[in-house]
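# Descriptive structure summary
One-letter residues, chain by chain:
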Amino acid sequence: MSSVLIDAVLSSSPDYDRLFESLSWPGESCPGPERLEALTAVISGLGPLLEDSDSSPFTAEKRRHIQGKIESVIWTRCLPLLGTISAQEAGEAAPGSRESTAAACRLLSTCLPLCDEAVPGRVARFVLPGLQRSEEEPGPLSVEVSGEVMAALAPALSADEQLTLSTVSAAVSCLKSLPDPRLCRVTVRLLLTLLGCCGGARKQRVLRSILDDLGCWHRADRTPGVTERTLLCVTAVSDHLLDPQSPDSPSSGEADPRLSLQFWRMVQDGLTHRDGVSRKRALYLLKRCVALSEQQQLDCPLSPSAEGEILFKWSTSRSELLKEFWEDYALVMETLEENQVHVVRPVLNRIDTLIQTTLNDSQGQGLFHPSWLLCVYQRMFHSENKSLMREGVCHLLELQVLGQPAFALAFSQFIVGPLMDVLSETSLFHRSAGQSVGDCPELGAKLQVFVATFFSSLPPENRGCVLLQLIQQLGSKHWCAVPLLFLSQALSKLPPSPVLGIDGLTALREVLRCTMITHQPLLRGASQCFLLNSALSFTDVSAVSLDDFFSFLMHFRADESLCRGTQIWSQVCVWLSNNEGSFKPRIVVDGDSTGAASKKETVRSYVEGEMQAYLRVPASTGQSEMLPDSKEADKLARAILLCVDMEKSQPSTELSKTLESLLSPLLETLSRVSTNIYLPLRKSDKSLQLVLRLLQLERSPRSQAVGGEQGDSVSVAMEKLIFQLADPIQEFILRRLCGELQELFDVERAELYLRVLRQLVVMSHSAPQHHHKVQQSDFPKLIKHSLRVLQETSSQIPSVEHQVAKAVAMASLATVCDLLEQEVIDRRSEAISALKDLSDFFYSSPSSTSQSPSSLGNFNVRLLKPHTGDCSSDLGVQGPLLQDWGRVAANFMRDQWICLNFLIKAVEIPDNSRAPDALKAALSCSMEALALLPSDLVLPVLAFMETALPQLLMDEEALCVEAVTLSWELVQGLSTNAHDFWPALRGFVSLAFHQNVLLLSHTRALTLVATLKQISTELIELSQSKCGVLGVLLQHCCQTWLPTGGGGDQDDTAFCSVFSHMDVLTEACVYGPVFRRDQRLVQDVQTYAEQLGEDVVVTSDNRDDQFPRTCVLAFLSRLDPSNPQHERVMEDLVMALLKKDNAISKSKVRYYTNSLQHRVKNRVWQTLLLLLPKLREDFVSTLLNHVFEAGFCSNQASVKYLIEWMMILILTQHPQHMDRFWGCFNTDQEKTKTSICTFLSVLVHFNIIIPNVKDKAVQLRTALNIILQWCFNHNFSVRLYALLALKRVWTLAEEGADGLGGLSDVIKTCLNQAEAMQTTGNANKNWKRIHEHFFFGAFHPIRDYSAETIFCTFPSLSELADDEWIPAWKFEKLKCFPDNPSLPVRNPAQDLSQFQPGDWIQQDKTEQDKEERWAEVQKKITPWRLGIQEQEPELQLAPPQRAARLGKLHGALLVVASLIDKPTNLGGLCRTCEIFGASALVLDSLRHVGDKHFQALSVSSELWLPLLEVKPLELTDFLQVKKSEGYCIVGVEQTANSQSLQDYQFPEKTLLLLGNEREGIPANLLQMLDVCVEIPQQGVIRSLNVHVSAALLIWEYTRQHLASGSAEVDAKRS
């Protein structure tokens, strides 16, 4: 009808100018779409009239005039309007701009065919800059408007190929600049329109232009963002690129993407992209290319590629193989999108098929490029699921094809790139199922095999380059300790191959210097050993000099890896000896010529040359000189010792002469150090630095172990040489300390002197032959001089000289006091009497009014910062040290407390001060010092408080409590600082739990008792998150209460204090923190590292989480039952443990295997079993009732076996209690049920009990009578236990069967019938299993009683988690654990060790079952049963804690289902609540949770969701309480005022009340609802299932609050 109307208008209005004018608009205005549409319709109607034909009503002139009007519309109306729209879009002002743009473009496309042929080109050139614009030069139109206009122009531009290609290029350039949401509207629309208007060869050239532009961009910038956009564009035009129906098929033109290497790189990058949409696009393109190739049946490519590498091939002769390969490949990539192991694992065998196909083809036509396989692995590496990631890594490590050189080389960059990146993930190195604590993780073992296979398969010329890249990857970022340890170990297992030069040592040095700096010492030491081993294996000695190598060795710490006496030290010596003379020569400049000569050098010649160079120093200038860098001394000392140890193994080597020859320049310098006043200070400093480092390195712990107490031959020879010069060294040091050190640099110099002096004195004390060579008579002189310096009156303006002298004096006194405390200086010497004056100095009266009344005159004296005056040149050099004066002042105060700590023990408090008041003031000063000193310098203060505290406890208890509390707060504040925390903790424990404090506090100091109990509780809490804390406390307390090798009344007195800390003892017996998986992993790897033997130098600090238990068990095993106090402790502990067990048994919380409750119960009964032989008979009689009561409780298998074992031992040792045992079988049937199996199990071992029974015949008859009753029980398990017990007891009674009368016939008939019934099906299977079970088979309750059986064998056979097993070696490592006949550490019999874990009631787990487990791709799995080992730590927590560990967030939605009574609905509701993060689910009874119908639908969600119990009658009160807490009560009900679900906004704190399945919400509760919500419905049936209704509301609540949460997060980010 509109066309008829237009025709009527045009035919009746000959004045077209007026018509155009009426439909046009002012140039600056913006007409509505209706006006544009009207003008478009008019111009469209003019089209047929303007045709040059005889029927045209217009003359030629009139036609040109109208065409001019139409063209004028384009330039004066249309394009200005589009410019206005562009400006409005920039200002975001016009909401209808999209409609206006579309109408203007339709007008434009209508006008262009009626204009001159050149007009479209002119318009296009006008618009095109809008697509190509930059920020500096904006075009006339916006990008979006330009794109729409160019799309409208596309049909008119089809004839102009050059302009079309320019438009394509501009459209593609938009990809690089436009934000993501506008890409599709501009680029895709424009490109598709252009391609739709082209055909034939021109279309192919346009496509080629698109591919080339995208390929060039992707080649230049191969980032994820570029890949994402290029794939978007290629996918958009894929219908044109890959159209098999087109007559201009890509195969006949030049735009075939399958021939482009860059296209396939885009696809491969897309397949491994982090964005799922990009991966989907890439896989779509791959499948389209495969489908096109299959359909065309043409080889691709037809000829070799000019680019060389070909990623995709198609051969018609191998089409079936190719089709199958790519189908499998697509299936694998699609399945990997599932991110679930149980879905992905079934298709992993397809990867093997792909690999095998690629391998077979690589020897033929090369149809499958290996890079496609890498995409599969990289996709798995990027998975969010760590299990899938680990699966991918393990699969790659097991690839056999990497044993082929071609494949190994093709994979090499992938190995050093993506594989190394994913291996940095610590969680991959968890132990696999079946591995024990301390085993090498499965991935670690596979990594060793893989690295060896991979590098041996590489072509020899490529090995060095790839190995260097791999090591550089280790240093390129911060690696965690665990992955680095196993990678280092894998590298160390490679066969030796000289492929690394100086670059390799540099890369390894970066790993040591940067990557490992924050690792745990134990793991860091192991990694250092492995990396050094690797360096020895791979270093090409012809490419590195000896200086390079010894500089490299400086980065290995002597206290962690490279020290004398270790295996790695010996390996270095052997390696140096084997490569003697082969190292790269150093360039030596001749003195007589300008040239340079290359000179090969041996290790000895290198050391001699370095010694000469080291001691070659310039003459002194008279100015202040800072102390030389000690690294030079460290490097030279190691080189000397390695050279000596290397030559020591050679025959005909005189060690003493070798050492004397090497050290002669040093010895000559030291001999003149005290007499030659012209000796440069720098030379003496360097000499002493070298001596100190030599003495430290040659007497390492391992070195002493090798050579005995006197050290090895090298140590003896070196000490002999150095001690010959002890007099001049000591004379020089004492002279310098007594007045010559007065400059800032001399503070560090004094530290060097005192360390050398300390080393000489300590070593002379340990070596009696050198004892006389260190003159101890000089120490009183040093003490008196130092005291004189400290007593000098300070000037008002502190000078550098005086303050430095005071710092040196106090450091000297601290050194002497420390040596006296270690008793390396004779305490009968004059030094002690000289120190009495020092004691007088400290305890003198306050010298000024500035001191507080509670302070002493010279306690906590501050070392003032010196006044520098004018900035002389010396002070300018010493500026940095002056800036660090705070550290010097802190050391000064620390040294005061070292002296005070010794003086309070060795010298009495001066008579001129009132001792109690002085001691009180001293303790107050020590508390002040704790606040003043840095955390790493407080140990002397804590040591002083340890001595002072017991002396003040009687009169100043409040002050002592304050001191202990302040010290504990200090330790707590250091919990995140591992370096300072552990020494401070040990110091605090020695202070707060000192023997004298414990003794006094037990009888009198009640306030301190309460404080210590509170601190011990907090210590236990801290130990749950910080392993090793409780071990420090227990080790100290157990040694205090029961000293090793002690005895006598004093020990009994100390033991009394244990009664004040029974709670600590009880908690230690059941201690076992719940670690996160990452913490447990580090614990496991540290255990593994400990077992590496000599490869690791650092020993464990007993921070094992099992150490507290082993420590307290050792303490309990040493208790003497004949000692009344010991007896009382054991009995009190037994009752406390039974109380814990009973509390768990009676709690309503269900506990599962390996849950925290299960573990605690297991630890309780293990401890009771250990104590049982020590308990007196009367107490055992009381204990037996508790044991029987525990037997009736529902227990896990491991606990049940321990209780049964305990019953057997008690009845064996005390058979008089047999009647009480028989009484257990008369208990109420409802109470016993299946728990009677516990007592029947005891009767299975009746052969152990019966020898000690007096009336054997009566007891046997009683046993048979009781067992026969249970043989006919309705419960299958009970019948099975009873039949087994009957069979065993009948074996004992069979000899005297005549006395049983008719009972024997009944028993025989019963047993025969039982045997006959157990011949088929599950009955036979279970009958066989119960006979073979370890508890009824190999286990002997008396013979197998040992620590190993109780704490390791039983837990392992009871399927308790392996971190609960305490191996026997952990007890043997404790020197205080007695190995006595009553409780041997190891089990003498090996029968139990041959058994495998398992219980007879479990289903068969055959190999076939394991293989077919993953036969189906999709499978519903109960999460806690599938991954119980992985989720085990979380299962021990309360549901909110478990959820938080997994990163799940709970909302504030509370779902009340107390009115629902069907378990199926409740189970499904529980599952829904857990999935959507409800805060809790309220049920009418928690018994529903045990219903099988509930569990079938809940699939373990009850483990992760808090469940509450509220009876229906209690709902009114419950809802009132929740209202008062701010909850909005929402009911699901249709009422007159109910709100629609789609309109209602849920408050954050919402309580959702669900009605009964039949009646809904009762009327009495309806009035309590704040709002009723109804679900909009369309059907006839007006009711939904209650679970479905609840799920809809729960989801709507979640959706609303997810959206609001996301908005808040975005707001915070912006």
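Right above here is the structure, for reference.
Predicted model only: the values in this text are computed from it and were never measured.

Let us look at the nonpolar core. In this structure, Trp326, Leu576 and Trp1165 are the most contacted members of the largest nonpolar core, which totals 472 residues. No other element matches helix H38 (residues 800–821), which puts 14 residues into this core. Among all residues touching tryptophan 1165, those that are not within four sequence positions of it are Leu1138, Asp1141, Val1187, Ala1190, Val1199, Leu1202, Ile1203 and Met1206. Residues Phe1494, Cys1528, Val1532 and Leu1552 belong to the second largest nonpolar core, which totals 31 residues.

Okay, the pattern of salt bridges next. Evaluated as defined, the whole model comprises 57 salt bridges. Put simply, aspartate 547 and lysine 635 hold a salt bridge, and the shortest N to O gap is 2.5 Å. Of this pair, aspartate 547 sits in helix H27 (residues 546–553) while lysine 635 is found in helix H30 (residues 630–648), placing the two residues 88 residues apart along the sequence. A salt bridge links arginine 1159 to glutamate 1364; the nearest nitrogen and oxygen atoms lie 3.6 Å apart. Taken together, the residues arginine 1159 in helix H55 (residues 1156–1171) and glutamate 1364 in the loop between helix H66 (1347–1357) and helix H67 (1368–1372) connect sequence positions 205 residues apart. The exposure class assigned to glutamate 1364 is buried, which follows from its relative accessible area of 4%. Several salt bridges share partner residues, and in doing so they unite Arg1080, Asp1105, Arg1109, Arg1159, Arg1163, Asp1363 and Glu1364 into one network.

Closest axis-to-axis distance for the helix H19 (residues 371–381)/helix H21 (residues 405–423) pair is 11 Å, and the angle between their directions is 10 degrees. In terms of orientation, H19 and H21 fall into the roughly parallel class. In contact with Leu373, Leu374, Tyr377, Gln378 and Phe381 of H19, H21 contributes Phe407, Ala410, Phe411, Phe414, Pro418, Leu419 and Val422. Residue composition of the contact of H19 with H21, grouped by class: 11 nonpolar, one polar and no charged.

Our focus in this paragraph is unusual backbone geometry. Phi is positive for asparagine 1154, close to 70 degrees, though the residue is something other than glycine. As for its position among the elements, asparagine 1154 is in the loop between helix H54 (1124–1146) and H55. Phi is positive for serine 1500, close to 70 degrees, though the residue is something other than glycine. Mapping serine 1500 onto the fold places it in the loop between helix H73 (1492–1498) and strand S5 (1507–1509). Looking at serine 1500, the relative accessible area reads 3%, which means it is buried.

Okay, the packing of H38 against helix H42 (residues 885–906) next. It is at 8 Å that the axes of H38 and H42 come closest, and there the two elements cross at 35 degrees. Crossing handedness for the pair H38 and H42: left-handed. Contacts between H38 and H42 pair Gln803, Lys806, Ala807, Met810, Ala811, Leu813, Ala814, Cys817, Asp818, Leu820 and Glu821 from the former with Trp885, Val888, Phe892, Asp895, Gln896, Ile898, Cys899, Asn901, Phe902 and Lys905 from the latter. Of the residues contributing to the contact of H38 with H42, the split by class is 13 nonpolar, three polar and five charged.

Thresholds applied
Residues numbered from 1 in each chain as written. Predicted model: local features only at pLDDT ≥ 70, side-chain atom pairs only at ≥ 80, totals over all residues. Heavy atoms only, no water. Core = buried A, V, L, I, M, F, W, Y, C linked by side-chain atoms within 4.5 Å. Buried < 20%, exposed > 50% of the residue type's maximum accessible area, 1.4 Å probe, protein only. Helix = DSSP H or I, 4+ residues; strand = E, 2+ residues; numbered from the N terminus. Contact = heavy atoms within 4.5 Å. Salt bridge = Lys/Arg side-chain N within 4 Å of Asp/Glu carboxyl O. Axes fitted to C-alpha atoms, helices over the stretch in contact; angles between N-to-C directions. Parallel < 35°, antiparallel > 145°, perpendicular 65-115°, else oblique. Nonpolar A, V, L, I, M, F, W, Y, C, P; charged D, E, K, R; others polar. Left-handed = near helix turned anticlockwise from the far one by under 90°.

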